[in-house]
Amino acid sequence: MLQPTYADVRAAAERISGYVRHVTLTPACHRSIPGVGVGTQTWLALEHFQHTGSFKARGAVNFTLAHRDQGLLPRSGITIASGGNAGVACAWAARRIDTAATVFLPETAPPVKVARLRRLGAQVMSAGTSYAEAAADCERYAAATGALRSHAYDDAYIAAGAGTIVDEMLARAGGLDTIMVSVGGGGLFTGVAIAAAHHGIRVVAVEPEHCRAFNAALTQGHPVDVPVDSIAADALGARRVTPMALTAAAAADVQSVLVSDEEISAARQYLWDDRRLAVEHAAAAAYAALHFGAYRSRPGERVAVVLCGANTDPSDLT
């Protein structure tokens with residue numbers, strides 16, 4: 001499976017049923033959100049309540065179960081390179097079926113994510129200061145040990161699993177016009193865009209100004225390397241978006257917007273002050289685009305913002 005389809009998303013939903021939590025959707029008063037037009041219906045999709053603290057659990061368990069069911073899980077287990085969340089999800093999914101997980105992280109990975117990995121029983125390996133260095137070491141480890149190489153975002157099973165959130169959101173909202181989602185390497189975006197296109201829903205892809213792999217790829221017409229420098233780089237710091245994401249974008253109604261680190265930090269603090277939701281900076285990015293007007297909704301529009309992760313140290317939320 002190279003490019004997932006909506007049928008793959010539906011298959012993933014059946015496969016992971018009973019393993020993941022259905023998303024909680026809560027209304028957000030538009031009067032408290034400056035970027036929202038009069039009459040707009042706004043929801044927050046609380047996917048940071050998911051197992052492992054992020055949406056990544058969906059793709060990880062879909063990947064793991066699919067390979068197990070095909071008899072493709074080696075005795076050496078699964079290995080992955082990650083900024084943190086994908087590694088945590090991989091370790092959790094591996095533990096659910098009693099197989100080993102070896103996770104390669106940049107040395108700059110947040111301690112809260114490293115600690116979570118160790119609690120899940122993963123072998124944690126540090127490699128360099130960037131995701132690219134961790135990924136290179138992970139590749140070498142997989143070649144040497146025969147471990148199954150998973151990927152944080154560039155895998156059809158991972159993307160299809162992430163896309164299962166869309167039908168759950170629709171079932172709870174009764175209908176949506178727009179879904180706003182933070183974008184890093186493109187796994188979540190790919191799955192959401194595929195499912196959203198099936199239902200005729202717009203997707204707003206939100207990135208930090210200085211982690212704009214998807215935005216740059218749209219501009220150039222193909223994936224390109226970009227600099228990575230953002231407060232949200234631990235989750236949204238991919239240097240290059242996947243070809244899957246561009247293919248999904250071409251078949252969907254997609255708008256790409258950028259937000260500043262200052263807006264991300266302020267949005268994260270606002271979610272804490274207004275709702276006592278402690279989310280990571282990557283999750284706050286999608287909300288920042290609505291709150292500060294990078295995306296301006298139309299009157300009467302039905303908008304859902306995905307809060308994708310909560311693996312954060314909340315001590316700086318005052």
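What you see as residue numbers is a count from 1 along each chain, following the sequence as written. Predicted model: local features are reported for residues with pLDDT of at least 70 only, side-chain atom pairs are reported and counted for 80 or more only, and whole-chain, interface and lining totals are derived from all residues. Note that the side-chain values use all heavy atoms of the structure and ignore hydrogens as well as water.

**Quick notes on the overall build of the protein**
A count of helical and extended segments in the protein gives 13 helices and ten strands. Radius of gyration (C-alpha) of the protein: 18 Å, near the 20 Å computed for a compact globule of 318 residues. Each principal axis of the C-alpha atoms in the protein carries an extent, and together these give about 60 × 40 × 40 Å. Throughout, a contact is declared for two residues whenever any of their heavy atoms are within 4.5 Å. Of the contacts formed within the protein by residues at least 6 apart in sequence, a portion of 73% connects residues at least 24 apart. Runs of H or I in DSSP of at least four residues are treated as helices and runs of E of at least two as strands, each being numbered from the N terminus. Here the radius of gyration uses the C-alpha set of atoms, whereas the globule reference equals 2.2 Å times the residue count to the power 0.38.

**Remarks on the pattern of salt bridges**
Think of a salt bridge as a Lys or Arg side-chain nitrogen and an Asp or Glu carboxyl oxygen that are within 4 Å of each other. Per the stated rule, a full pass over the model turns up 13 salt bridges. The salt bridge involving Asp 137 is made with Arg 140; its shortest N-O contact spans 2.2 Å. One end of the pair, Asp 137, and the other, Arg 140, are both in helix α5 (residues 131–145), three residues apart, so they sit about a helical turn from each other. Under the relative-accessibility criterion, Asp 137 is labelled partly exposed at 26%. Type-normalised accessible area, obtained with a 1.4 Å probe on protein chains alone, sets the label of each residue: buried when under 20%, exposed when over 50%, and partly exposed for intermediate values.

**Side note on the packing of aromatic side chains**
In this analysis, rings of Phe, Tyr and Trp, with Trp reduced to its six-membered ring, are considered paired at centre separations within 6.5 Å, and the interplanar angle assigns stacked below 30 degrees, edge-to-face beyond 60, and tilted for intermediate values. Applying the stated criterion across every chain yields a total of three aromatic pairs. On the basis of an interplanar angle of 10° and a centroid distance of 6.1 Å, the ring pair of Tyr 270 and Tyr 287 is categorised as stacked. Placement of Tyr 270 in helix α12 (residues 261–275) and of Tyr 287 in helix α13 (residues 281–291) is noted, with a sequence separation of 17 residues between them. What makes Tyr 287 buried here is its relative accessible area of 2%.

**Points about the sheet that holds strand β5 (residues 123–126)**
Overall, parallel pairing links the four strands, which are arranged β5-β4-β3-β6 in an open sheet. Of all the strands in the sheet, just β5 and β6 (148–149) have a single pairing partner and so form its edges. Between any two strands, pairing holds if DSSP finds at least two bridges. Examined bridge by bridge, strand β3 (residues 78–81) and β6 share two bridges and lie parallel to one another. Counterpart to Thr 79 in the pairing with β6 is Arg 149. To get an axis, fit a line to the C-alpha atoms, keeping to the stretch in contact for a helix; angles then go from 0 to 180 degrees between the N-to-C directions. On the sheet, α5 packs against β3, β4 (101–105), β5 and β6 and is oriented at approximately 160° with respect to β3.

**Quick word on the packing of helix α7 (residues 165–173) against helix α8 (residues 187–199)**
At their nearest, the axes of α7 and α8 sit 8 Å apart, and the two run at 45° to each other. As the angle between them shows, α7 and α8 are arranged oblique. Packed against α7, whose contacting residues are Ile 165, Val 166, Asp 167 and Leu 170, the element α8 presents Val 192, Ala 195, Ala 196 and His 199 at the interface. Think of it as three bins: nonpolar holds Ala, Val, Leu, Ile, Met, Phe, Trp, Tyr, Cys and Pro, charged holds Asp, Glu, Lys and Arg, and polar takes everything else, Gly as well. Its residues assigned to classes, the contact of α7 with α8 comprises six nonpolar, one polar and one charged. Throughout this description, any angle smaller than 35 degrees is read as roughly parallel, any larger than 145 degrees as roughly antiparallel, any in the 65 to 115 degree range as roughly perpendicular, and the remainder as oblique.

**A closer look at the pairing of β3**
Note on strand geometry: in a regular strand, side chains alternate between the two faces of the sheet. Here β3 shows two buried faces, one formed by Ile 78 and Ile 80 and the other by Thr 79 and Ala 81. Both β3 and β4 contribute to a ladder of four bridges, which runs parallel. Bridging across to β4, Ala 81 finds its partner in Phe 104. Crossovers are described as right-handed under a simple rule: with the strands pointing away from the observer, the path leading from the first strand over the helix to the second runs clockwise. In this fold, β3 hands off to helix α3 (residues 85–96), which returns the chain to β4; that crossover is right-handed.

**So, the side chain of Glu 280**
Its place among the elements puts Glu 280 in the loop between α12 and α13. Distance and chemistry together define a polar contact, namely a pair of N or O atoms within 3.5 Å, with one atom able to donate a hydrogen and the other to accept it when in protein, and with adjacent residues in sequence counting only for side-chain atoms on both sides. A polar atom in the side chain of Glu 280 sits 3.3 Å from the backbone nitrogen of Ala 310. Beyond its immediate stretch of four places on either side in the chain, Glu 280 contacts Asn 85, Lys 113, Asp 234, Ala 235, Arg 268, Gly 309, Ala 310, Asn 311 and Thr 312.

**Observations regarding the nonpolar core**
Among soluble globular proteins, nonpolar side chains are generally buried collectively. Each nonpolar core is a collection of buried residues, namely Ala, Val, Leu, Ile, Met, Phe, Trp, Tyr and Cys, held together in the definition by side-chain atoms within 4.5 Å. Core analysis: the biggest nonpolar cluster contains 73 residues, and Met 169, Phe 189 and Leu 307 have the highest contact counts within it. When residues in this core are grouped by element, the largest group, nine residues, is from α13. Ignoring any residue separated from it by four or fewer positions in sequence, one finds Phe 189 in contact with Val 181, Val 183, Val 203, Ala 205, Phe 214, Ala 245, Ala 249 and Val 254.

**Focus on the sheet that holds strand β2 (residues 41–45)**
Within the open sheet, the six strands sit side by side as β1-β2-β10-β7-β8-β9. Their pairing is mixed. Of all strands in the sheet, those with a lone pairing partner are β1 (25–28) and β9 (254–259), marking the two edges. Ignoring which end each strand starts from, the neighbouring axes of this sheet average 25° apart. Where β2 and strand β10 (residues 302–306) come together, five bridges link them in parallel fashion.

**A closer look at α13**
Within α13, eleven of the eleven residues are buried, leaving the element largely enclosed by the surrounding structure. All buried positions along α13 are accounted for by His 281, Ala 282, Ala 283, Ala 284, Ala 285, Ala 286, Tyr 287, Ala 288, Ala 289, Leu 290 and His 291. Two residues or fewer after α13 comes Gly 293, characterised by a positive phi angle close to 90°.

Such coordinate-based values are descriptive only and should not be taken to indicate function.
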